[in-house]
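# Commentary on secondary and tertiary structure
Chain by chain, the residues:
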Amino acid sequence: MSGQLALGLSEALVAAAVWETLPPERQREVTVMLARLLARLLEAERGE
């Protein structure tokens, strides 16, 4: 897992290992989806 910061939690290590196996285009796809979700959450927070 080169370039990964391990938090010492087994779940974090597994997630990092799975992330490393994804093709770059999938990693970008997931990153964009998470960014959009975060934007929606922040927007909803401002609207309350």
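Everything here concerns the structure above.
The text that follows walks through the structure, step by step, so that each part is easy to find. These numbers were taken from a predicted model, which means no experiment stands behind them.

### Comments concerning the overall build of the chain
A tally of regular secondary structure across the chain gives two helices and zero strands. Sorting the 48 residues of the chain into buried and exposed places 2% on the buried side. Of the roughly 4,300 Å² of accessible surface on the chain, a fraction of 63% belongs to carbon and sulfur atoms.

### Quick word on a nonpolar patch on the surface
Taken together, Leu-34, Leu-37 and Leu-41 make up a surface patch of nonpolar side chains, about 290 Å² in accessible area. With respect to the secondary-structure elements, Leu-37 resides in helix H2 (residues 24-47). In this structure Leu-37 comes out as partly exposed when scored by relative accessible area, which is 38%.

### Observations concerning the pattern of salt bridges
One pass over the full model with this rule turns up one salt bridge. Between Glu-29 and Arg-26 there is a salt bridge, with the nearest N and O atoms lying 3.0 Å from each other. A residue pair is termed a helical-turn pair when its members lie 3 or 4 positions apart in one helix, as Glu-29 and Arg-26 do in helix H2 at three residues. Given the relative accessible area of 41%, Glu-29 is considered partly exposed. Its relative accessible area of 43% is what places Arg-26 among the partly exposed residues.

### What about the environment of Trp-19?
Inspection of the secondary structure assignment puts Trp-19 in helix H1 (residues 10-21). Judged by relative accessible area, Trp-19 falls into the partly exposed class, the value being 29%. In sequence terms Trp-19 and Val-30 are eleven residues apart; their C-alpha atoms lie 9.9 Å from each other.

### Comments concerning the environment of Gln-27
Topologically, Gln-27 is positioned in helix H2. Filtering out sequence-adjacent residues up to four positions away, Gln-27 remains in contact with Trp-19, Glu-20 and Leu-22. Polar contacts involving the side chain of Gln-27 include one to the main-chain carbonyl oxygen of Trp-19, which spans 2.8 Å.

The rules we used
Residues numbered from 1 in each chain as written. Predicted model: local features only at pLDDT ≥ 70, side-chain atom pairs only at ≥ 80, totals over all residues. Heavy atoms only, no water. Helix = DSSP H or I, 4+ residues; strand = E, 2+ residues; numbered from the N terminus. Buried < 20%, exposed > 50% of the residue type's maximum accessible area, 1.4 Å probe, protein only. Areas by Shrake-Rupley, 256 points an atom, 1.4 Å probe, with all protein chains shown as cover. Patch = residues over 30% accessible without salt bridge, like charges linked within 9 Å, V, L, I, M, F, W, Y side chains within 5 Å. Salt bridge = Lys/Arg side-chain N within 4 Å of Asp/Glu carboxyl O. Contact = heavy atoms within 4.5 Å. Polar contact = N/O pair within 3.5 Å; in protein donor to acceptor, adjacent residues only side chain to side chain.

Interpretation note: all reported values are geometric properties and have no functional meaning in isolation.
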